[in-house]
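# Observations on the three-dimensional arrangement
The residues making up each chain are set out below.
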Amino acid sequence: VEGDMWRLTLLLMLFDCVLSAFLDNVSTMLLMGPVIISLCKAIDMDPRPMLIPMALFGNIGGTATMIGDPPNLIIGNAFKEELGFVDFMKVLAPGVILVLFPTLFFLRRYYGKEVYDRKIDVDMQMLRDKYPIRDHALLARCGIILGFVLMLFFLHPVVHFEPAYAALFGAIAILLMGSTEDFEHAIEKVEWDSLLFFAGLFVFTEGIAELGLLRIIADQLSSVIEKVPVGQRAIVSSALIQVVAAVASAFVDNIPFTTTMIPVIRRMATNVEGLEIPQLAWALCFGADMGGMGTIIGASANVVMAGIAAEAGYPVSFMSFFSIGWPMMWIAMCVTVPYLCLMIQVGYV
């Protein structure tokens with residue numbers, strides 16, 4: 001079968017966005033990364049022009065829901081009284097859809113004809129024989145469990161069952177469905193290098209917090225916003241938090257940054273007249289999630305992608321990721337900042 005490389009990339013990126021929204025972008029990267037590498041080997045192509053965009057669009061797609069990106073889950077749990085699972089989709093998903101158009105255009109221009117104008121010739125029967133579904137029954141059971149977990153996510157406002165517990169019970173149920181060999185294989189596939197990296201990064205970030213840097217950031221943000229007329233504070237704070245969160249998340253990792261920004265948001269909403277937690281929380285979601293695209297250490301999905309690529313013999317350097325991730329981050333911010341400001345202006349949030 002002869003195919004078009006750009007069409008394949010477009011379909012993969014859109015599939016990545018949808019899957020990341022409901023499975024989370026880290027799990028999607030763990031699932032799709034080896035598939036992309038195998039696919040690229042089959043068509044004799046360097047997988048990095050597919051893997052790096054896969055991490056980037058996983059960050060974009062994961063922004064759409066409460067469970068899609070770890071910062072969203074942290075924010076949703078911290079402000080569970082103000083924000084529900086459906087609220088994330090109502091506010092964030094339209095912004096994500098708007099972001100897709102310019103970022104896909106930029107991706108097409110970035111790699112250009114050298115990558116996307118080539119024709120691919122694939123023997124589909126050979127691929128089916130080489131990569132078959134080995135256990136249809138287990139696949140069906142896992143699909144049922146995943147559907148049940150997603151249903152609990154959507155019913156959270158009704159049944160008030162915590163999404164974290166739903167995901168944990170689903171993971172345990174899937175592990176129990178398999179054999180002992182499957183369990184051991186799953187444990188072996190844990191990215192221990194990535195976990196140790198995150199542990200060190202969290203310690204570093206907590207050290208910054210203890211030194212008072214984050215408190216200084218909160219005070220500076222509050223002082224800037226207090227100079228703005230009360231009626232415009234929500235819009236100005238939304239834009240300011242998105243930009244600050246994006247830049248900081250790119251170099252600190254968006255998970256620890258989001259965790260340390262939660263008390264900052266509470267403090268600003270309490271101390272500054274005209275500010276409300278939901279408006280600030282949506283700004284932090286967009287800023288932290290899109291900021292994760294800026295560098296290879298900006299988001300967990302990026303680090304996982306780099307680990308998968310290195311293990312397969314295709315290391316991704318900091319600068320090779322930065323050269324596409326940094327401009328794509330700012331393209332996304334040029335969409336989300338005016339989008340959220342407009343939503344606040346019309347009273348949607």
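Please read these numbers as outputs of a predicted model, since none were measured by experiment.

## Examining helix α15 (residues 277–291)
- Over its 15 residues, α15 runs 20 Å from end to end, which matches the ideal 21 Å to within 8%, given 1.5 Å per residue.
- Counted residue by residue, α15 has 14 buried out of 15 residues, so it is predominantly covered.

## Overview of unusual backbone geometry
- Backbone geometry places D44, a non-glycine residue, at a positive phi of 60 degrees.
- Considering the arrangement of structural elements, one finds D44 in the loop between α2 (25–42) and α3 (48–62).
- Residues other than glycine seldom take positive phi values, yet D253 does so here, at roughly 90 degrees.
- For D253, the position within the fold is in the loop between α13 (233–252) and α14 (254–271).

## A look at a nonpolar patch on the surface
- Together, F148, M151, L155, V158 and V159 line one region of the surface with nonpolar side chains, adding up to about 460 Å² of accessible area.
- Mapping V159 onto the fold places it in helix α8 (residues 156–159).

## What about empty space enclosed by the protein?
- Evaluation of the coordinates by the stated rule reveals one cavity of 30 Å³ or more.
- Quantified by volume, the largest cavity comes out at close to 30 Å³.
- Lining of the largest cavity is provided by N25, V26, N59, D69, P70, N254, A299, S300 and A301.
- Listing elements by their share of the lining of the largest cavity, those giving two or more residues are α2 and α16 (300–311).
- Partitioned by chemical class, the residues of the lining of the largest cavity number four nonpolar, four polar and one charged.

## So, the side chain of T295
- Turning to its location among the elements, T295 is positioned in the loop between α15 and α16.
- Taking relative accessible area as the criterion, T295 reaches 0% and is therefore assigned buried.

## Notes on the packing of aromatic side chains
- What the rule picks out here adds up to ten aromatic pairs.
- Taken together through their ring pairs, the aromatic side chains of W6, F106, Y110, Y111 and Y116 make up a single cluster.
- The ring of W6 has R108 lying over it, and the distance from NZ or CZ to the ring centre is 5.5 Å.

## Describing helix α1 (residues 5–23)
- When the terminal C-alpha atoms of α1 are compared, their 26 Å separation across 19 residues agrees well with the 27 Å that a helix rising 1.5 Å per residue should span.
- Those residues of α1 lying buried are M5, W6, T9, L12, M13, D16, C17, L19, S20 and A21.
- Just downstream of α1, D24 is the residue with a positive phi angle, here 85 degrees.

## A few points about the packing of helix α5 (residues 85–116) against helix α17 (residues 318–345)
- Their axes nearest at 9 Å, the elements α5 and α17 cross at an angle of 140 degrees. For the pair α5 and α17, the crossing hand works out as right-handed. Within the contact between the two elements, α5 uses K90, V91, P94, G95, L98, V99, P102, T103, F106, L107, Y110 and Y111 and α17 uses S320, S323, I324, P327, M328, I331, A332, V335, T336, Y339 and L340.
- A breakdown of the residues in the contact of α5 with α17 according to their chemical character gives 17 nonpolar, five polar and one charged.

Conventions adopted
- Residues numbered from 1 in each chain as written.
- Predicted model: local features only at pLDDT ≥ 70, side-chain atom pairs only at ≥ 80, totals over all residues.
- Heavy atoms only, no water.
- Helix = DSSP H or I, 4+ residues; strand = E, 2+ residues; numbered from the N terminus.
- Expected span 1.5 Å × (residues − 1).
- Buried < 20%, exposed > 50% of the residue type's maximum accessible area, 1.4 Å probe, protein only.
- Patch = residues over 30% accessible without salt bridge, like charges linked within 9 Å, V, L, I, M, F, W, Y side chains within 5 Å.
- Areas by Shrake-Rupley, 256 points an atom, 1.4 Å probe, with all protein chains shown as cover.
- Salt bridge = Lys/Arg side-chain N within 4 Å of Asp/Glu carboxyl O.
- 1 Å grid on protein atoms, 1.4 Å probe; cavity = no way out; pocket = protein on both sides within 12 Å on 5 of 7 lines; lining within 4 Å.
- Points joined across faces, edges and corners; volume = space filled by probe spheres on them.
- Nonpolar A, V, L, I, M, F, W, Y, C, P; charged D, E, K, R; others polar.
- Phe/Tyr/Trp six-rings, centres within 6.5 Å; stacked < 30°, edge-to-face > 60°.
- Lys NZ or Arg CZ within 6 Å of the ring centre and 35° of its normal.
- Axes fitted to C-alpha atoms, helices over the stretch in contact; angles between N-to-C directions.
- Left-handed = near helix turned anticlockwise from the far one by under 90°.
- Contact = heavy atoms within 4.5 Å.

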